[in-house]
Amino acid sequence: MDFDTVAEELYARRPEDFVAARASAVASARTAGDRDLARRIGALRKPSLAAWVSNLLVRSNPGEVEPLLRLGEGLRRAHQDLDGEQLRELSRRQHALVRALTLQARQLAKEAGHPVGEGVLREVENTLHAVLADPEAAEKWASGLLDKPLTAAVGFPAAAEGAVPRRPAAPPPSRTASASAPARRDPKAEQRRRQQRAEAREAAEAAERELRTRREEAEAADRAAREAEERLGRLQRRVDELTGELERARSEHQQARFAERTAREEARTAGRRLREADRTAATAAARLARLTSPDA
């Protein structure tokens, strides 16, 4: 038993099972004589519902983790180097991707037996925005061990406001430099900026492709869920109809059995009476024959 394995197992559980599972793991660690491990396990906090849903998204869709992290890196670089128009485009893609992942998280929670409301979804969405804006938040989210939703310590105000990012002021010209001399650019710095722009565009395009794929998957899953729900409704109605027919058939069957037993009893009684009447008739006929005989 090691701490990382235990933590992963605990945070993969449903929220209502967390406390009991944690107590069991603490007891096992104590039985094994590892008091430090027992203390560390006991300090693990039960995740809020929003944290659990965020962890569920990481565990159920590990392929979603890397594209989001790459987009976050690209956005953070773009915030420093790109112009306002490019930032606005990246910001649009950011919000679209976050929204798609939030919808996936809601579907996963529903499938896991924990439908969530808009308040929880907002916390999940804020967590994903924090992942894009803050590398420390991204690392926490990717671990799948959140116990509470995340909030961004930093953001992308320039992209949100549609403004051109502010660049650091140029250093004052050297006293020995000519006032009319044009400013010289550092070729290496320009090359780095071009490389960063290319990487940011590549990350954004990859995230956009991933978004389209996940959106199609989410739409297909929603359609399948609706169709399954409609089919379930039709089958439930059919089950109700058949259940009613079965109850009526059972009632009629019981009545028929009662009628059959009554008819058999009446038939046995009629047979017995017939035999008695036959014997009576035979006796009467014999007596009549004796009385009408010439020798009588």
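Residues numbered from 1 in each chain as written. Predicted model: local features only at pLDDT ≥ 70, side-chain atom pairs only at ≥ 80, totals over all residues. Heavy atoms only, no water.

### Details of the side chain of H114
1) Next: Along the chain, H114 turns up in the loop between helix 6 (84-111) and helix 7 (118-133).
2) Next: At 2.8 Å, the side chain of H114 and the side chain of E16 are in polar contact. (Helix = DSSP H or I, 4+ residues; strand = E, 2+ residues; numbered from the N terminus. Polar contact = N/O pair within 3.5 Å; in protein donor to acceptor, adjacent residues only side chain to side chain.)

### Quick look at helix 4 (residues 49-60)
1) Next: Between its first and last C-alpha, helix 4 extends 16 Å over twelve residues, near the 16 Å set by a 1.5 Å rise per residue.
2) Next: The buried fraction of helix 4 is high, at nine of twelve residues.
3) Next: Within helix 4 the residues assigned to the buried category are A50, A51, W52, V53, S54, N55, L56, L57 and V58. (Expected span 1.5 Å × (residues − 1). Buried < 20%, exposed > 50% of the residue type's maximum accessible area, 1.4 Å probe, protein only.)

### Topic: the side chain of S54
1) Next: Secondary-structure assignment places S54 in helix 4.
2) Next: Judged by its relative accessible area of 2%, S54 falls in the buried class.
3) Next: Here the side chain of S54 touches A50 through a polar contact of 3.0 Å, landing on its backbone oxygen.
4) Next: The contact partners of S54, leaving out residues within four places of it in the chain, are V124, T127, W141 and L146. (Contact = heavy atoms within 4.5 Å.)

### Quick look at the environment of L71
1) Next: Residue placement: L71 occurs in helix 5 (residues 65-81).
2) Next: Overall, L71 belongs to the buried group, its relative accessible area being 1%.
3) Next: With 22 residues separating them in the primary sequence, L71 and R93 have C-alpha atoms 9.2 Å apart.

### Concerning the pattern of salt bridges
1) Next: Summed over all chains, the structure comprises nine salt bridges.
2) Next: A salt bridge links R238 to E241, with the nearest nitrogen and oxygen atoms 3.3 Å apart. Taken together, the residues R238 and E241, both in helix 10 (residues 187-291) and three residues apart, mark about one turn of the helix.
3) Next: R264 serves as the salt-bridge partner of E260, at 2.0 Å between the closest nitrogen and oxygen. Of the two residues, E260 and R264 are both situated in helix 10; the distance of four residues between them amounts to about one turn of the helix. (Salt bridge = Lys/Arg side-chain N within 4 Å of Asp/Glu carboxyl O.)

### A closer look at the nonpolar core
1) Next: Residues V53, L57, L68, L128 and W141 are the most contacted members of the largest nonpolar core, which totals 34 residues.
2) Next: Listed by contribution, the elements that provide at least two residues to this core are helix 4, helix 5, helix 6, helix 7 and helix 8 (135-143).
3) Next: Broken down by element, this core gets its largest block of residues, eight residues, from helix 6.
4) Next: Apart from the residues within four sequence positions on either side, L128 is in contact with L57, L68, V98, L101, T102 and W141.
5) Next: Counting 14 residues, the second largest nonpolar core, distinct from the first, contains A7, Y11, A25 and A38. (Core = buried A, V, L, I, M, F, W, Y, C linked by side-chain atoms within 4.5 Å.)

### Structural notes on a negative patch on the surface
1) Next: A grouping of D2, D4, E8 and E9 is seen on the molecular surface, where their side chains present a negatively charged patch.
2) Next: In this fold, D2 is placed in the segment before helix 1 (3-11).
3) Next: Judged by relative accessible area, which is 39%, D2 ranks as partly exposed. (Patch = residues over 30% accessible without salt bridge, like charges linked within 9 Å, V, L, I, M, F, W, Y side chains within 5 Å. Areas by Shrake-Rupley, 256 points an atom, 1.4 Å probe, with all protein chains shown as cover. Lys, Arg positive; Asp, Glu negative; His and termini not counted. Charge placed at Lys NZ, Arg CZ, Asp CG, Glu CD.)

### Quick word on a positive patch on the surface
1) Next: Residues R272, R273, R275 and R279 make up a contiguous surface patch of positive charge.
2) Next: Of note, R273 is situated in helix 10.

### Comments concerning the packing of helix 7 against helix 8
Packed helices, taken two at a time, are described by their axes: the angle between them and the distance between them.
1) Next: In the contact formed by helix 7 and helix 8, the axes pass within 6 Å of each other and the chain directions differ by 125°. In this view, helix 7 runs oblique relative to helix 8, as classed from their interaxial angle. When you trace helix 7 past helix 8, the crossing you get is left-handed. Contacts between helix 7 and helix 8 pair T127, L128, A130, V131 and A133 from the former with P135, A137, A138 and W141 from the latter.
2) Next: Residue composition of the contact of helix 7 with helix 8, grouped by class: eight nonpolar, one polar and no charged. (Axes fitted to C-alpha atoms, helices over the stretch in contact; angles between N-to-C directions. Parallel < 35°, antiparallel > 145°, perpendicular 65-115°, else oblique. Left-handed = near helix turned anticlockwise from the far one by under 90°. Nonpolar A, V, L, I, M, F, W, Y, C, P; charged D, E, K, R; others polar.)

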